[in-house]
Amino acid sequence: VERTLEKRRLIRENRDYQQRLEFKVAERTRELEESYESTLEAMITALDFKDNETHGHSRRVVEYAVMVAQAMGVGESELTWIRRGAILHDVGKIGVSDAILRKPGKLDAAEWEEMKRHPEMGYRMLKHIRFLEPALDIVHCHQERWDGSGYPNGLKGDAIPLGARIFAAVDTFDAMTSDRPYRAALSIEAARDEIRRFSGIQFDPKVAAAFLAIEESVWREIRESVHRKIDALAEAERIAH
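None of the values given here were measured: they were computed from a predicted structure. (Residues numbered from 1 in each chain as written. Predicted model: local features only at pLDDT ≥ 70, side-chain atom pairs only at ≥ 80, totals over all residues. Heavy atoms only, no water.)

1. Considerations on the overall build of the protein
The cut-off we apply is this: Only DSSP runs of H or I covering at least 4 residues are called helices, and only runs of E covering at least 2 are called strands; the numbering of each starts at the N terminus. Each radius of gyration reported is based on C-alpha atoms, and the globular scaling rule is 2.2 Å times the count of residues to the power 0.38.
Counting its regular elements, the protein contains 11 helices and 0 strands. When its helices and strands are written in sequence order, the protein yields α-α-α-α-α-α-α-α-α-α-α. A compact globule built from 241 residues would reach a C-alpha radius of gyration of about 18 Å, whereas the protein, at 22 Å, exceeds it by more than 25%. Each principal axis of the C-alpha distribution contributes one length, and for the protein these read about 85 × 45 × 35 Å.

2. Some thoughts on the packing of helix α9 (residues 188-197) against helix α11 (residues 216-240)
Stated precisely, the cut-off is as follows: Helix axes are fitted to C-alpha atoms over the stretch in contact, other axes to C-alpha atoms as well, and angles between N-to-C directions run from 0 to 180 degrees. Note: crossing handedness is left-handed where the near helix turns anticlockwise from the far helix by less than a right angle, and right-handed where it turns clockwise. Contacts are assigned to residue pairs with any non-hydrogen atoms lying within 4.5 Å of each other. Residues are grouped as follows: Ala, Val, Leu, Ile, Met, Phe, Trp, Tyr, Cys and Pro are nonpolar; Asp, Glu, Lys and Arg are charged; all remaining types, including Gly, are polar.
α11 packs onto α9 with a crossing angle of 115° between their chain directions and a minimal axis gap of 10 Å. In the crossing of α9 with α11, the sense of the turn from one axis to the other is right-handed. Residues I188, E189 and R192 of α9 lie in contact with α11, whose contacting residues are E216, W219 and R220. The class makeup of the residues in the contact of α9 with α11 is 2 nonpolar, no polar and 4 charged.

3. Quick look at the nonpolar core
Soluble globular proteins tend to bury their nonpolar side chains together. As a reminder of what qualifies: We call a set of buried residues a nonpolar core when its members are Ala, Val, Leu, Ile, Met, Phe, Trp, Tyr or Cys and they connect through side-chain atoms within 4.5 Å of each other. Buried, partly exposed and exposed residues are distinguished by accessible area as a fraction of the type maximum, computed with a 1.4 Å probe on protein chains only: under 20%, between the cut-offs, and over 50%, respectively.
In terms of nonpolar packing, the biggest core is built from 40 residues, with V68, F211 and W219 touching the most fellow members. Looking at this core, the elements with two or more residues in it are α2 (57-71), α3 (76-88), α7 (136-141), α8 (162-176), α9, α10 (205-213) and α11. The element best represented in this core is α2, accounting for 7 residues. Once you skip the residues sitting within four places of it in the chain, V68 turns out to touch I166, V170, V207, A210, F211, I214 and W219. Core analysis: the second largest hydrophobic core is formed by 5 residues, I100, L101, M115 and M121 among them.

4. With respect to the pattern of salt bridges
The following threshold applies: The working definition used for a salt bridge is a side-chain nitrogen of Lys or Arg within 4 Å of a carboxyl oxygen of Asp or Glu.
Per the stated rule, a full pass over the model turns up 14 salt bridges. Here D90 ties to K93 by a salt bridge, and the two come within 3.3 Å at their closest N and O atoms. In terms of burial, D90 and K93 fall into one category: buried. A salt bridge links E221 to R228; its shortest N-O distance comes to 3.1 Å. The exposure class of R228 is partly exposed, given its relative accessible area of 47%. Residues joined in a network through salt bridges with shared partners are E6, R9 and E13.

5. Considering α2
Quick reminder of the rule: In a helix, the anticipated span is given by 1.5 Å times the number of residues less one.
Over its 15 residues, α2 runs 21 Å from end to end, which matches the ideal 21 Å to within 8%, given 1.5 Å per residue. Most of α2 sits out of view: 11 of its 15 residues are buried. Note on α2: the residue one or two positions beyond its end, G73, has a positive phi of about 80°.

6. Concerning unusual backbone geometry
In this chain, Y151 is followed by P152 through a cis amide linkage whose omega measures 15°. Here P152 is to be found in the loop between α7 and α8.

7. A short note on the environment of L88
Topologically, L88 is positioned in helix α3. The exposure class of L88 is buried, given its relative accessible area of 1%. Residues L88 and L40, 48 residues apart in the sequence, show an inter-C-alpha distance of 7.3 Å.

8. Some details on a nonpolar patch on the surface
Note the threshold: Residues enter patches when their relative accessible area tops 30% and they take part in no salt bridge; the joining distance is 9 Å for like charges and 5 Å for the nonpolar side chains Val, Leu, Ile, Met, Phe, Trp and Tyr. Residue exposure ignores everything except the shown protein chains as possible cover, and the areas themselves are Shrake-Rupley values with a 1.4 Å probe.
A cluster of nonpolar side chains, Y17, L21 and V25, forms an exposed patch at the surface whose accessible area comes to about 270 Å². When you line up the elements, L21 lands in helix α1 (residues 2-50).

9. Structural notes on α9
Counted only if it meets this: Relevant arc is that of directions from the helix axis to the C-beta atoms, nothing else.
All of the buried residues in α9 are I188, A191, R192 and I195. Buried residues of α9 fall within an arc of 100° about the axis and therefore sit on the same side. Pointing more than 90 degrees away from the buried face of α9 are the exposed residues E189 and R197. Elements that come into contact with the buried residues of α9 comprise α8, α10 and α11.

Right, here's the structure in full:
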């Protein structure tokens, strides 16, 4: 009887220890995740300071990309990496000169060649950070085109990672619906027409179809929501200083 009771006590203590250990691991994992997210936020802020023409762009395309990915049935684990890749997609622009990023007009041929280096630069900046590895497909491949005419590697069709194919559509959509020094923003309707027109050329037809199946009002609400968050952050920063 004593041996049986001792065995039960040891089993119970072992179970309690395992539960405490699992709790500590989960708690530490959450802390690491929060640290990762804070690091990514810092990178976005640094890029916004450098390229203020596209202020809010990274945050908008994150929401857009997740929306399309969900419409295509992408699972939550992969959504995490699409989200992070979308946040970091333009980090390579930190290596592009301010004169090019802030030029109040269209780029000439030489300037455009330098701008086209940013996906490769971003990939090289991040490739040694192991926890970001699944997000690098978007950083490296977001300027590839379905027909193979994109850069930096001229990938074509399904050779382009799905996350990058999704991102290419929403990135272009955001660019078209944002003001630039050399042109006014297009309407959401006009931008959607462009996505439709270039389906099978610039964009994966399945991605374009998923994008177009989402109602126009959804895109407008996402855009307005992000702008409200940016304004709130700016006000909080102003009050803090």
